[in-house]
Every structure is written in C-alpha cells, then in structure tokens.
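Chains, contacts and geometry: an overview
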Amino acid sequence: MIKVNGRDSDWEENLTVEKLLQNKRYTYPKIIVRINGELINREEYASTSIRDGDDVKVIHLLAGG
C-alpha cells in the first residue's frame, strides 16, 4: 500500500512514477512529483521506483494572474 496525495492506493511490483501517473490518469502538462518529500525530476519518472509504503505527492501546477 502507498499513499498518493494522502489517500491509500494499491502498490504493485515494478511501479515507477511514470506508471503511477498513467494508472491514475494524471495528464496535466505541469506536474511535480515528490516521494517521501524528495522532488523527482521529470526525466527520472520512468526510472524512479515507488516502494511499498511510500508517500507520493502529485501536484498540478497552475498559472494565474
């Protein structure tokens, strides 16, 4: 089990940030991802594993004025 934005979510073997975003259908163009408080660079989404018990924050950036 992992937490995604404070909600329990199922964990699976070989889960990466990229796969999680696809599974959750996050399609926003500007997203920040943190795992256990650590910022993950977009270039590392495909290679960054999410482990059982991790706390993941997916933050959609908005622009405004």
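Source: prediction; values computed, not measured.

Re the nonpolar core
- Grouped together as the largest cluster of nonpolar side chains are 14 residues, with contacts concentrated most on Val17, Leu20, Val33, Tyr45, Ile50 and Val56.
- Elements with a contribution of two residues or more to this core: strand S1 (2–4), helix H1 (17–23), strand S3 (31–35) and strand S5 (55–60).
- For tyrosine 45, the contacting residues outside a window of four places in its chain are Thr16, Val17, Glu18, Leu21, Ile31, Ile32, Val33 and Ile40.

Remarks on unusual backbone geometry
- Of note, asparagine 5 is a non-glycine position whose phi angle comes to about 55 degrees, a positive value.
- Its location among the elements puts asparagine 5 in the loop between S1 and strand S2 (7–9).
- In this structure, arginine 25 is a non-glycine residue whose phi angle is positive, near 60 degrees.
- You can see arginine 25 is positioned in the loop between H1 and S3.
- According to the relative accessible area criterion, arginine 25 is exposed, its value standing at 67%.

What counts and what doesn't
Residues numbered from 1 in each chain as written. Predicted model: local features only at pLDDT ≥ 70, side-chain atom pairs only at ≥ 80, totals over all residues. Heavy atoms only, no water. Core = buried A, V, L, I, M, F, W, Y, C linked by side-chain atoms within 4.5 Å. Buried < 20%, exposed > 50% of the residue type's maximum accessible area, 1.4 Å probe, protein only. Helix = DSSP H or I, 4+ residues; strand = E, 2+ residues; numbered from the N terminus. Contact = heavy atoms within 4.5 Å.

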